[in-house]
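Below are the chains, spelled out letter by letter.
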Amino acid sequence: MKKIIILLSFIVFCILQYFLLGTYYIESNLINNIVTFFSIIFGFYITSLAIFVTSTYVSQLYKITDQNNKSVTLLHTLITQYKVGLILILISILYLLFIEFILSQTDNNKIILSNIYVLPFLWLVITNFFYSYRMLDTLIKIIIQEAKNK
């Protein structure tokens, strides 16, 4: 079900970008700024994982079975969420570097948002923002729980 929702959201965002933002251009400096921001988010994920290593609360999650998936513990679920975030960021950075390469081949360093290569742009940016917020919220909850346990 999750895969269907992700695919449908991808299609909807591509269509919306094509019809609503298709006449707008993106420039090289915007791509560079987004890559920098995504690199910072990548660092946030790595730092969060480092915090988890020292957390007694997180180590206790290994003893609790995930109610949504009885075959794994809550620690496995948490690590999987961070792994998905890291993979999403890396794919997004690679995609943006590909777009940067295309931009470098143009005369004016601009590319229209209705270009077939740029259609995933809006979905990737919004998905990364949403997922990063979700992971920040998870980290805050873990830090609060850790403080309660101490």
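Residues numbered from 1 in each chain as written. Predicted model: local features only at pLDDT ≥ 70, side-chain atom pairs only at ≥ 80, totals over all residues. Heavy atoms only, no water.

Before going further, it helps to examine the overall build of the protein chain. If you tally the helices and strands in the protein chain, you get 5 helices and 2 strands. Walking the protein chain from its N terminus toward its C terminus, one meets helices and strands in the order α-β-α-α-α-β-α. By the compact-globule yardstick of 15 Å for 150 residues, the protein chain is too spread out, its C-alpha radius of gyration being 19 Å. In terms of overall dimensions, the protein chain has C-alpha extents of about 60 × 30 × 20 Å along its principal axes. Going through the 150 residues of the protein chain one by one, you find that 35% of them count as buried. The long-range fraction of contacts in the protein chain, counting pairs at least 24 apart against all pairs at least 6 apart in sequence, stands at 78%. (Helix = DSSP H or I, 4+ residues; strand = E, 2+ residues; numbered from the N terminus. Rg over C-alpha atoms; globule rule 2.2 N^0.38 Å. Buried < 20%, exposed > 50% of the residue type's maximum accessible area, 1.4 Å probe, protein only. Contact = heavy atoms within 4.5 Å.)

With that out of the way, let us pick up the environment of K148. The residue K148 is located in helix α5 (residues 121–149) in this model. Classification of K148 as exposed rests on a relative accessible area of 61%. Put simply, K148 and Y57 are 91 residues apart on the chain and 9.4 Å apart in space, counted from C-alpha to C-alpha.

For the rest of this paragraph, the subject is unusual backbone geometry. With the exception of glycine, the majority of residues adopt a negative phi angle, and the majority of peptide bonds are in the trans configuration. We note that N109 has phi near 55°; this positive angle belongs to a residue other than glycine. Topologically, N109 is positioned in the loop between α4 (74–104) and β2 (110–112). A relative accessible area of 36% means that N109 is categorised as partly exposed.

It is worth spelling out the side chain of S28 at this point. Assignment of secondary structure puts S28 in helix α2 (residues 28–54). A residue is classified by how much of its surface remains accessible, and S28, at 13% relative accessible area, is buried. Here the side chain of S28 touches E100 through a polar contact of 2.4 Å, side chain to side chain. (Polar contact = N/O pair within 3.5 Å; in protein donor to acceptor, adjacent residues only side chain to side chain.)

Our focus in this paragraph is the side chain of S48. Along the chain, S48 falls in helix α2. Take S48: its relative accessible area is 1%, and that puts it in the buried class. Apart from the residues within four sequence positions on either side, S48 is in contact with Y82 and L139.

Once that is clear, we can look at the environment of L94. In this fold, L94 is placed in helix α4. Taking relative accessible area as the criterion, L94 reaches 59% and is therefore assigned exposed. Along the backbone, L94 and V35 are 59 residues apart, and their C-alpha atoms lie at a distance of 9.1 Å.

With that out of the way, let us pick up the packing of α2 against α4. Taken N-terminus to C-terminus, the directions of α2 and α4 make an angle of 160°; their axes are 10 Å apart at the nearest point. By the angle between their directions, the pair α2 and α4 is classed as roughly antiparallel. Note that α2 runs across α4; the crossing there is left-handed. In terms of residue class, the contact of α2 with α4 is built from 20 nonpolar, 6 polar and 1 charged. (Axes fitted to C-alpha atoms, helices over the stretch in contact; angles between N-to-C directions. Parallel < 35°, antiparallel > 145°, perpendicular 65-115°, else oblique. Left-handed = near helix turned anticlockwise from the far one by under 90°. Nonpolar A, V, L, I, M, F, W, Y, C, P; charged D, E, K, R; others polar.)

With that out of the way, let us pick up the pattern of salt bridges. Any two side chains of opposite charge can pair, so long as their charged atoms come close to each other. What the rule picks out here adds up to 2 salt bridges. A salt bridge links E27 to K110, with the shortest nitrogen-to-oxygen separation between them at 3.8 Å. Taken together, the residues E27 in strand β1 (residues 25–27) and K110 in strand β2 connect sequence positions 83 residues apart. A relative accessible area of 35% places E27 in the partly exposed class. Ionic pairing is found between K141 and D137, a salt bridge with its closest N-O pair at 3.3 Å. One end of the pair, K141, and the other, D137, are both in helix α5, 4 residues apart, so they sit about a helical turn from each other. With a relative accessible area of 53%, K141 lands in the exposed category. (Salt bridge = Lys/Arg side-chain N within 4 Å of Asp/Glu carboxyl O.)

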